[in-house]
Amino acid sequence: MIENKDSLQENAQNLSKNKLGGTHTTVIGGRAGKKLIKLISQHPELKKVIPSVISVKGVAGGKLAGKVLRADARGNLRLLLSEGRSFQEIRLVTTVGTAEEGDRIMNELNEILKNAL
């Protein structure tokens, strides 16, 4: 039983790493930010997680917060992470093809974030 649990955790980590893409690999929030990305990337209808640049306005510090924003016409989403005065937009590429299905995934991911934070 322990071997199965270790195997599942290893598969989840590999799956999360395969979904992470783009030229920017740094995620704000340190370990907590990486845990959120890992948690979200386990959603079965999420194909790719692409972090963008980190923007800073003011002094560092503060609580980590995240929110998945409205879907585009093809069902892809944006995750906005913020910590203090720093914020980062992360693109979430989904396997769905319409905005309605993207909105459904957005609601599911926001519920996951709400429980995690």
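Residues numbered from 1 in each chain as written. Predicted model: local features only at pLDDT ≥ 70, side-chain atom pairs only at ≥ 80, totals over all residues. Heavy atoms only, no water.

By the naming in an unreviewed UniProt entry, the protein is Metal-binding protein, taken from Methanosarcina mazei S-6.

A. Expanded view of the pairing of strand β3 (residues 77-83). Note that strand β2 (residues 64-69) and β3 share 6 bridges and pair antiparallel. Bridge pairing links alanine 65 to serine 82 in β3. Counted along the chain from β3 to the antiparallel partner strand β4 (residues 86-94), the turn is 2 residues long, and its residue glycine 84 has a positive phi close to 65°. (Pairing = 2+ DSSP bridges. Helix = DSSP H or I, 4+ residues; strand = E, 2+ residues; numbered from the N terminus.)

B. Region of the structure containing the nonpolar core. Formed by 20 residues in total, the largest nonpolar core has its most connected members in Val68, Leu77, Leu79, Leu81, Ile90 and Leu92. A total of 4 residues in this core trace back to one element, the largest contributor, which is helix α3 (residues 99-116). Leave out the neighbours within four places in its chain, and leucine 92 touches Ile40, Leu46, Lys48, Val49, Val68, Asn76, Leu77, Leu79 and Leu109. (Core = buried A, V, L, I, M, F, W, Y, C linked by side-chain atoms within 4.5 Å. Buried < 20%, exposed > 50% of the residue type's maximum accessible area, 1.4 Å probe, protein only. Contact = heavy atoms within 4.5 Å.)

C. Quick peek at the pattern of salt bridges. Tallied over the entire structure, the rule returns 4 salt bridges. As a salt-bridge pair, arginine 91 and glutamate 89 come within 3.3 Å of each other at their nearest N and O atoms. We classify glutamate 89 as partly exposed; its relative accessible area is 22%. Each of Glu45, Arg104 and Glu108 takes part in salt bridges that share partners, so that together they form one network. (Salt bridge = Lys/Arg side-chain N within 4 Å of Asp/Glu carboxyl O.)

D. Structural view of the side chain of serine 86. For serine 86, the position within the fold is in strand β4. With residues up to four places along the chain from it excluded, the contact list for serine 86 reads Ile28, Ile54, Ser55, Val56 and Leu81.

E. Just the pairing of β4, in detail. Burial along β4 is one-sided: the residues Ser86, Gln88, Ile90, Leu92 and Thr94 are buried and none of Phe87, Glu89, Arg91 and Val93 is. Here strand β1 (residues 46-56) runs beside β4; their pairing, made up of 8 bridges, is antiparallel. Looking across to β4, one finds that serine 55 is bridged to phenylalanine 87. By the bridge criterion, 7 bridges tie β3 to β4 in an arrangement that is antiparallel. Residue pairing for β4: serine 82 is matched across the bridge by phenylalanine 87.

F. Up close: the environment of leucine 64. By the secondary structure assignment, leucine 64 is in strand β2. According to the relative accessible area criterion, leucine 64 is buried, its value standing at 12%. For leucine 64 and leucine 117, which are 53 residues apart along the polypeptide, the C-alpha to C-alpha distance reads 8.0 Å. If we skip the residues at most four places from it in the chain, leucine 64 touches Ile28, Gly29, Ala32, Gly33, Leu36, Ser82, Glu83 and Leu117.

G. Highlighting the sheet that holds β3. Taken together, the 4 strands give an open sheet; going across it, the order is β1-β4-β3-β2, and neighbouring strands pair in antiparallel fashion. Both outer strands of the open sheet, β1 and β2, are each paired with one neighbouring strand and no more. Sheet twist, expressed as the average angle between the axes of neighbouring strands with direction ignored, equals 20°. (Axes fitted to C-alpha atoms, helices over the stretch in contact; angles between N-to-C directions.)

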